[in-house]
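# Coordinate analysis (summary)
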Amino acid sequence: VQLLASGGGLVQSGGSLRLSCAASGRTFSSYAMGWFRQAPGKGREFVAAITGTGGSTDYADSVKGRFTIIRDGAKNTVYLQMNSLKPEDTAAYFCAALRSMGWTTRVPDEYNYWGQGTQVTVSS
């Protein structure tokens, strides 16, 4: 599986961005998908995840109520809609795929495939 993330950019505090992660292959629904972020000098932090069926989602407390993860099976794409952005959301954002249909995890090492990062910068 190859993952291609896009949609990052520079936005003012309170603004919105939508990240996309396009996956190759024909078994997209066999993978749970996750978004992680990494700020300079910090470890990779869980942001959100969605099961292969799209029926269940999980969010970090820091983004709950502001970010939404959705997946489009027809386009083999997972999105991260980010609203009410804060300067502390500034980081490189990564999408990842987990060979699972019915469960997700917040542990980066458990994901099987990773996309390249897309930078999100929120100015105050």
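Quick caveat: nothing in here was measured; it's all calculated off a predicted structure.

Moving on, we come to the pattern of salt bridges. One pass over the structure, following the stated rule, counts five salt bridges. Taking the shortest distance from any N to any O, the salt bridge between D58 and R106 comes out at 2.7 Å. Taken together, the positions of D58 in strand β6 (residues 57-59) and R106 in the loop between β9 (91-99) and β10 (113-114) put the pair 48 residues apart, joining distant regions of the chain. Given the relative accessible area of 21%, D58 is considered partly exposed. For R66, the salt bridge goes to D89, with nearest N and O atoms at 2.8 Å. Of this pair, R66 sits in the loop between β6 and β7 (67-72) while D89 sits in the loop between β8 (77-82) and β9; the two residues are 23 residues apart in sequence, bridging distant segments of the chain. Relative accessible area serves as the criterion here: at 11%, R66 is assigned to the buried category. Each of R37, E45, R66 and D89 takes part in one network of salt bridges that share partners.

This part is about the pairing of β9. Burial analysis of β9 places eight of its nine residues in the buried class, which makes it a mostly covered element. Here three bridges tie β9 to strand β11 (residues 118-123), and the two strands are oriented antiparallel to one another. Bridge assignment links A91 to a residue of β11, and that residue is V120. Bridge count for β9 against β10 is two bridges, and the pairing is antiparallel. Looking at β10, one finds that A97 is bridged to Y113.

Let us now look at the side chain of D89. Overall, D89 belongs to the buried group, its relative accessible area being 1%. Here R37 takes part through its side chain, which lies 2.9 Å from a polar atom of the side chain of D89.

Among soluble globular proteins, nonpolar side chains are generally buried collectively. Membership of the largest hydrophobic core comes to 36 residues, with the highest contact counts inside it found for M33, W35, L80, M82 and Y93. Listed by contribution, the elements that provide at least two residues to this core are β1 (3-6), β3 (17-23), β4 (31-38), β5 (45-50), β7, β8, β9 and β11. Among the elements that make up this core, the one with the highest residue count is β9 (six residues). If we skip the residues at most four places from it in the chain, M82 touches G15, S16, L17, L19, R66, F67, Y93 and V120.

Rules used throughout
- Residues numbered from 1 in each chain as written.
- Predicted model: local features only at pLDDT ≥ 70, side-chain atom pairs only at ≥ 80, totals over all residues.
- Heavy atoms only, no water.
- Salt bridge = Lys/Arg side-chain N within 4 Å of Asp/Glu carboxyl O.
- Helix = DSSP H or I, 4+ residues; strand = E, 2+ residues; numbered from the N terminus.
- Buried < 20%, exposed > 50% of the residue type's maximum accessible area, 1.4 Å probe, protein only.
- Pairing = 2+ DSSP bridges.
- Polar contact = N/O pair within 3.5 Å; in protein donor to acceptor, adjacent residues only side chain to side chain.
- Core = buried A, V, L, I, M, F, W, Y, C linked by side-chain atoms within 4.5 Å.
- Contact = heavy atoms within 4.5 Å.

Just geometry here; none of it tells us what the structure is for.
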